[in-house]
Structure formats: structure tokens, C-alpha cells
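Chain by chain, the residues run as shown.
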Amino acid sequence: MSTKKIGLKRTAGIIIMLVVLLACVGTSILVVQMTKSNLASKEANLPESAISLYLKQVKNNDFNGIYENSLLIDPHLNSKEDYDQGIKDIYKGVNLDKLMYIDETTDYGDLLYGIYEGNIKVATVKLIKTADGKWLATTVFQGDNNYIVEVPEGVTIKVNGLDVGKEYIKQSEVPATNFSGLKDTSKAPKVTRYELTNLISEPQITVDGTGYTMIKDVLSNTYYVGKGTINSDLENTILSAAKTVARYPTKDGTLGAISAITITNSDFYDRVKTMDNQWYAAHNVSQFSNEDVLTIVQQDENSMIGNVIFDYLIASGSTSKEYHIGYQISFLKVNGAWKIAGFAIDNELNPATVKY
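Overview of helix α2 (residues 47–59)
Then, number 1: Here α2 is 13 residues long and its end C-alpha atoms lie 19 Å apart, about the 18 Å a rise of 1.5 Å per residue gives.
Then, number 2: Burial in α2 covers these residues: Pro47, Ala50, Ile51, Tyr54, Leu55, Gln57 and Val58. Down the axis of α2, the buried set is contained in an arc of 150 degrees. They therefore lie on one face. Turned more than 90 degrees from where α2 packs its buried face, Leu53 and Lys56 sit exposed.
Then, number 3: Of the surrounding secondary structure, the elements contacted by the buried residues of α2 are α3 (63–73), α4 (80–91), β1 (100–103), β2 (111–117), β3 (120–129) and β4 (135–139).
Then, number 4: Of the residues flanking the end of α2, it is Asn61, one or two places downstream, whose phi is positive at about 55 degrees.

Structure below.
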């Protein structure tokens, strides 16, 4: 074999080896790139990655994304404005680049992480996994305010513009709370009771259906929904009943006058009949002024609840005292006549009351 042929074979062999080597290198680079891409993809789907992304949203003031995700992760009825402010308050003054997070999930609870700045806990973050395998994070709020909303059957409501679904129903077909002082509540209007928890502020409630409105209980965080009524006969009934009650403590009226307009099998009547009104000084003037029925809501056709205010002047010679009164009274229609079924005092309903 000639030297020339051997040289050609050697050159061809070297070329083949180079091609194979290049192919191997190329394949290795491709494998590394695919591995990196794979790892990045897996890392993006880790809970910790969702927390990092969430904190980045907070830092960049991406409150639209934060609010939308919060409704998916931990459904709530806070308004966007309240929620945004709540997030700002929690992370105010915090160095978001130096936060650490620690898994604080319990054996049977939600996936939770504590967010820390040094040794100080800033917040708790909750995570859920979406259908496409990605994680979403949100701050867990412990709102200060819980509310009950009582609604006639078939009426729907929104809170802060959000639909209140069946998941918020606590009880159905139960007597309205403002009639709970009756010994027999069988004639009280029946309502669906919704429970709203962890609200940041007072809810803005809107009612679907013509003519519906609401009134808030003066003694609790309960709203009563019903038909809003403007009716002079009902206004006169409420005002007359309120004056009858007001006259008794000053001995300008009698217990008999109250019992005539009251369901006597009730805690209200029990309170009135045991009231000591013997201490009040004699006087020769008692008069009402600035009378107004602020609101009337009918939970059904045989019930109503209303807020009423007036000023009540008591005088004897040169000595006088004016009381600025506010009452919330619930009524039931019994044998065609309106009777007091529940009663609460809130003088702050009256604008003349000095508030400290």
C-alpha cells in the first residue's frame, strides 16, 4: 500500500473523529440546556418560587394580580380598596429583598409559610396548587370584623360588589334575630342567615330585587334585609309606640299603656314591668320635639323594624332636662294590630346626642 493512501485514510479517520466529537459536544450542550430548562420549569412550580413571585408583586405594587389571586386561594368578601390597603399596611416599612420564609404547615392544615424579617414575623402566606400544577400565594388576613346578614328567602345579596354564595349560609328558614326576645317565635319572619367573617371594614351590602333595603341592628353586627317602606301610617305607629315607652320611666305614662301595644310574652315586656321608675322627680312639663322615623324595613308583610328619634323635655319650674332619644323597635302584626316584639336603645342614632 502506498504512503499516499495511508495518509488519506488517516485524514479521513481524523475527520470522522472530529465529526463524532462535535456531535457529542453538541449533544452534551443540548442535554445541558434541556436539563437547565427542565430544572427551571420544575423550580418555577415549587411553592417557594410562588412566594418569591408573590413578594415581587408586593414590591412592584401589582395589586391587581395580588387581589385576583387572593380570591382564588382564600375566597373572601373584602373590597379591592380595603384589601390593597391591608397588604400595604402589613408590608409597610419591610425590606422585601431580605425576607425569609419558613414552612409552618401543620399535619392536617393548609400549606402555610411564615414570612420573616430577621427574627420578626411579618406575615403568614398560604399557597394552593392550581389545575395546571403551578402554585399561587396569598397573605392570610385575620380581619377584625364579622357580620351576620339576615335575608328573606329567595333574595340574593352582594358584599363589596362580590356575590355572596351558598357557602356563606349559616342557617336557613330560621326566625329573624330581632324577634329572638319572644317566648314564641313561630310568627316571626323566617330568614336565611349569612355569616361574613374576617372583613377588614364594614361591608357594603347591595340587595338584588326591587324595593329591598336593609337596617343594621344597633346592638350587634347584624343586618336585616327587607322591603324598604315609606308609609305614614307605619311611621305614626312607630313614633306613637316610642313615645308611649319613653313616658313610662318619667311617670308620664303607665305600664298598662305599654302592655296594650306590646307582645307581653317577651323579654322586652319583662324588662319594662320590672323597671323601677319611682325615683323620678315630680314635674309639670313633658314634651316631645324633633321627631323622626329614620328607617322602616319590613322582613315580611306582618313584621317591621324601624329606627326612631326624638327629643324629650322634662321641666319643673326653672329646672329642666332634655333627653335626646334613639330607639330601634321591631313589631309583629297580631290580630290586625301592630305590637312591639323587640326593643333596643341607641341614643347615638339621634344627631343631637353628644359623641365623645
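Comments concerning the sheet that holds strand β7 (residues 162–163)
Then, number 1: A sheet is described by the order of its strands in space; here 3 strands give the open sequence β7-β6-β10, paired in antiparallel fashion. Only two strands of the sheet have a single neighbouring strand rather than two, namely β7 and β10 (205–207).
Then, number 2: In the sheet, strand β6 (residues 157–159) pairs with β10 via 3 bridges, with the strands oriented antiparallel. Opposite Lys158, over in β10, you have Thr206 as the bridge partner.

Side note on the nonpolar core
Then, number 1: Core analysis: the biggest nonpolar cluster contains 41 residues, and Tyr54, Ile87, Tyr91, Leu127, Val149 and Leu196 have the highest contact counts within it.
Then, number 2: Tallying contributions element by element places α2 first for this core, with 5 residues.
Then, number 3: Excluding residues within four positions of it along the chain, Tyr91 makes contact with Tyr54, Leu55, Val58, Leu96, Val122, Ala123, Val125 and Thr139.
Then, number 4: Core analysis: the second largest hydrophobic core is formed by 27 residues, Val272, Tyr280, Phe310 and Tyr312 among them.

Let's talk about the pairing of strand β5 (residues 145–152)
Each regular strand shows side chains that alternate between the opposite faces of the sheet.
Then, number 1: Burial analysis of β5 places 7 of its 8 residues in the buried class, which makes it a mostly covered element.
Then, number 2: As paired strands, β5 and strand β9 (residues 190–199) are joined by 7 bridges and run antiparallel to one another. Counted as the bridge partner of Asn145 is Leu199 from β9.
Then, number 3: In this structure, β5 lies alongside strand β12 (residues 222–228), joined through 3 bridges in parallel fashion. Residue pairing for β12: Val149 is matched across the bridge by Tyr223.

Describing the layout of surface pockets
Then, number 1: The volume enclosed by the largest pocket comes to roughly 470 Å³.
Then, number 2: Surrounding the largest pocket, 24 residues form its lining, Pro249, Ile325, Tyr327, Ile345 and Asn347 being those nearest its centre.
Then, number 3: Elements that contribute at least two residues to the lining of the largest pocket include exactly α5 (232–247), α7 (267–273), β15 (319–334) and β16 (337–345).
Then, number 4: Ranked by residues supplied to the lining of the largest pocket, first place goes to β15 with 6 residues.
Then, number 5: Of the residues in the lining of the largest pocket, the class split is 17 nonpolar, 4 polar and 3 charged.
Then, number 6: One number sums up the size of the second largest pocket: a volume of about 260 Å³.
Then, number 7: Around the second largest pocket sit 19 residues that line it, and Thr177, Asn178, Asp217, Phe343 and Ala344 are the ones nearest its centre.
Then, number 8: Taken together, the residues that form the lining of the second largest pocket break down as 8 nonpolar, 8 polar and 3 charged.

Some words on α4
Then, number 1: In a regular helix each residue adds 1.5 Å, so 12 residues correspond to 16 Å; α4 covers 17 Å between its end C-alpha atoms and thus fits that length.
Then, number 2: Restricting attention to buried positions, one finds in α4 the residues Asp82, Tyr83, Asp84, Gly86, Ile87 and Tyr91.
Then, number 3: Residues of α4 that are buried sit in contact with α2, α3, β3 and β4.

Conventions we followed
- Residues numbered from 1 in each chain as written.
- Predicted model: local features only at pLDDT ≥ 70, side-chain atom pairs only at ≥ 80, totals over all residues.
- Heavy atoms only, no water.
- Helix = DSSP H or I, 4+ residues; strand = E, 2+ residues; numbered from the N terminus.
- Expected span 1.5 Å × (residues − 1).
- Buried < 20%, exposed > 50% of the residue type's maximum accessible area, 1.4 Å probe, protein only.
- Arc of directions from axis to C-beta.
- Contact = heavy atoms within 4.5 Å.
- Pairing = 2+ DSSP bridges.
- Core = buried A, V, L, I, M, F, W, Y, C linked by side-chain atoms within 4.5 Å.
- 1 Å grid on protein atoms, 1.4 Å probe; cavity = no way out; pocket = protein on both sides within 12 Å on 5 of 7 lines; lining within 4 Å.
- Points joined across faces, edges and corners; volume = space filled by probe spheres on them.
- Nonpolar A, V, L, I, M, F, W, Y, C, P; charged D, E, K, R; others polar.

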